[in-house]
Amino acid sequence: MIHSISDYTTLHNGVRMPWLGLGVYKTQEGEEVEQAVKAAIEIGYRSIDTAALYHNERGVGNAIKMCGVPREELFITTKVWNSHQGYDATLRAFEESRQKLGLEYLDLYLIHWPVKEKYKDTWRAFEKLYEDGLVRAIGVSNFHVHHLKDLLMDARIIPMVNQVEFHPRLTQKELLRFCKEKGIQMEAWSPLMRGRLLDDPVLNKIGRKYGKTPAQVILRWDLQHGVVTIPKSVHAERIAANADIFDFTLTDEEMNQIDGLNRNERSGQDPDNFQFDF
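Residues numbered from 1 in each chain as written. Predicted model: local features only at pLDDT ≥ 70, side-chain atom pairs only at ≥ 80, totals over all residues. Heavy atoms only, no water.

## A word on the environment of glycine 133
Heads up, the rule is: Helical segments are the DSSP runs of H or I of at least four residues, strand segments are the runs of E of at least two, and each set is numbered from the N terminus.
With respect to the helices, strands and loops of the structure, glycine 133 is situated in the loop between helix H4 (119-131) and strand E7 (138-141). Each C-alpha atom, one on glycine 133 and one on arginine 71, is 16 Å from the other, the two residues being 62 residues apart in sequence.

Below you can see the structure in the form of structure tokens.
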């Protein structure tokens, strides 16, 4: 059972990854992202998730330098964007991200989307970065089961993480089951469906029972499914509220009720129909 913000899952290579992290998608470079990251670290977060696409890696790096927490206690994730996929381009993109973050190594590097005919070469570059000790764990994002099966046909290293859209209206049960079978840690982006679930009567009823908000109920549901979660906020009070999920446990019946909200509905793109930006 997960009892505190300092609890972690152990990836299949032995690296410890916090169950809860801060996402910084659409958080503005400069003061906004720096203040959000510093607030999260002060509250007790140790995992920060960014990406080249977010254009705020430098701000994340500045906040890390200023936070006063030893580097080895932090878990920093970034991602390679679609236009930089391919073997050589990925190696260059990694170095650019690492320099912007101002870090000697990254904790997790992800393929942002499964760009057809490129993600296998990208993964070969990831394996080199991992074997060279420049990143402690490597993984993918937005990969369906068929993408993972295809990648695993040639991969020497099994991805440690698959970060996907996951929330009560998109429960991805087949994908979650496959990832667990392969030892791939699933991670939720957009866990709150960009705020669209906060009026749901089922979530509100469960929340009233525990004195929690619908958002806190959803994040707890993530964790009890064994899914790492990275809610995004730029407000310190909301960042703190998102971490206030360790003093209650949903019953099996409540977990099933929330599972029953599934509509296979996405707030973002479907990886099989994504208009990749090159």
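## Points about the nonpolar core
Spelled out, the test is: Joining through side-chain atoms within 4.5 Å is the link that ties buried Ala, Val, Leu, Ile, Met, Phe, Trp, Tyr and Cys residues into a set, and such a set is a nonpolar core. Buried means the residue's accessible area, taken with a 1.4 Å probe over protein chains only, is under 20% of the maximum for its type, while exposed means over 50%, and partly exposed covers the values in between. Contacts are residue-level and defined by heavy atoms, with any inter-residue pair within 4.5 Å sufficient.
Grouped together as the largest cluster of nonpolar side chains are 82 residues, with contacts concentrated most on Leu22, Val37 and Tyr109. Here this core takes six residues from helix H8 (residues 214-224), the largest share from any one element. Discounting residues that sit within four places of it in the chain, valine 37 has contacts with Leu22, Val24, Ile48, Val60 and Ala63.

## Notes on the packing of aromatic side chains
Let me state the cut-off plainly: Any pair of Phe, Tyr and Trp rings, taking the six-membered ring for Trp, is counted once the centres come within 6.5 Å. Such a pair is stacked with planes under 30 degrees apart, edge-to-face with planes over 60 apart, and tilted for the rest.
Counted according to the given criterion, the structure contains seven aromatic pairs. Taken together, a centroid distance of 4.6 Å and an interplanar angle of 15 degrees make the contact between tyrosine 109 and phenylalanine 126 stacked. Here tyrosine 109 is found in strand E6 (residues 108-111), whereas its partner phenylalanine 126 is found in helix H4, with 17 residues between them in sequence. Note on tyrosine 109: relative accessible area 0%, which makes it buried.

## Some remarks on the side chain of aspartate 107
Within the fold, aspartate 107 resides in the loop between helix H3 (87-101) and E6. Setting aside residues up to four positions removed in sequence, aspartate 107 forms contacts with Arg71, Leu74, Phe75, Ile76, Val135, Arg136 and Ala137.

## Some points on the sheet that holds strand E10 (residues 228-229)
The test is simple: By definition, two strands form a pair when at least two bridges between them are found by DSSP.
An order of E3-E4-E5-E6-E7-E8-E9-E10 is seen for the eight strands of this open sheet, with the pairing classed as parallel. Edge strands, defined here as strands with exactly one partner in the open sheet, are strand E3 (22-23) and E10. Pairing of E6 with E7, which is carried by three bridges, proceeds in the parallel orientation. The residue bridging leucine 110 from the neighbouring strand is glycine 139, located in E7.

## Examining the pairing of E7
Put simply, the test is: The handedness rule is simple: strands pointing away from the viewer, and a clockwise path from the first strand over the helix to the second, make the crossover right-handed.
Taking every second residue as pointing to the same face, both faces of E7 are buried, with Ile138 and Val140 on one and Gly139 and Ser141 on the other. Bridge analysis of E7 against strand E8 (residues 161-165) gives three bridges, and the strand direction is parallel. Bridge pairing in E8 links serine 141 to glutamine 163. Read as a crossover between parallel neighbours, the route from E7 over helix H5 (residues 145-152) to E8 is right-handed.

## As for helix H7 (residues 201-210)
Every α-helix carries 3.6 residues per turn, so stepping three or four residues along brings you back to the same face. Convention followed: The arc in question is the one traced by the directions running from the helix axis out to the C-beta atoms. Here a polar contact is taken to be a pair of N or O atoms separated by no more than 3.5 Å, where protein atoms must pair a possible hydrogen donor with a possible acceptor and residues adjacent in sequence count only if both atoms sit in side chains.
Among all positions of H7, only Leu203, Ile206 and Gly207 are buried. The buried residues of H7 occupy one face: seen down the axis, they fall within an arc of 105 degrees. The exposed residues of H7 that point more than 90 degrees off its buried face are Pro201, Lys205, Arg208 and Lys209. Residue aspartate 200 occupies the N-cap position of H7, its side-chain oxygen lying 2.9 Å from the main-chain nitrogen of valine 202. At the C-terminal side of H7, glycine 211 shows a positive phi close to 70 degrees.

## Concerning the side chain of glutamate 187
The condition is simple: Charge convention: Lys and Arg are scored as positive, Asp and Glu as negative, and His as well as the terminal groups of each chain are ignored. The working definition used for a salt bridge is a side-chain nitrogen of Lys or Arg within 4 Å of a carboxyl oxygen of Asp or Glu.
With respect to the secondary-structure elements, glutamate 187 resides in strand E9 (residues 185-189). Here glutamate 187 occupies a buried position and makes no salt bridge, while the nearest side chain of opposite charge, lysine 79, is found at 7.2 Å. Those residues within four positions of glutamate 187 in sequence are excluded, and the remaining contacts are Met17, Asp49, Leu108, Val161, Asn162, Gln163, Val164, Val227, Val228 and Ile230.

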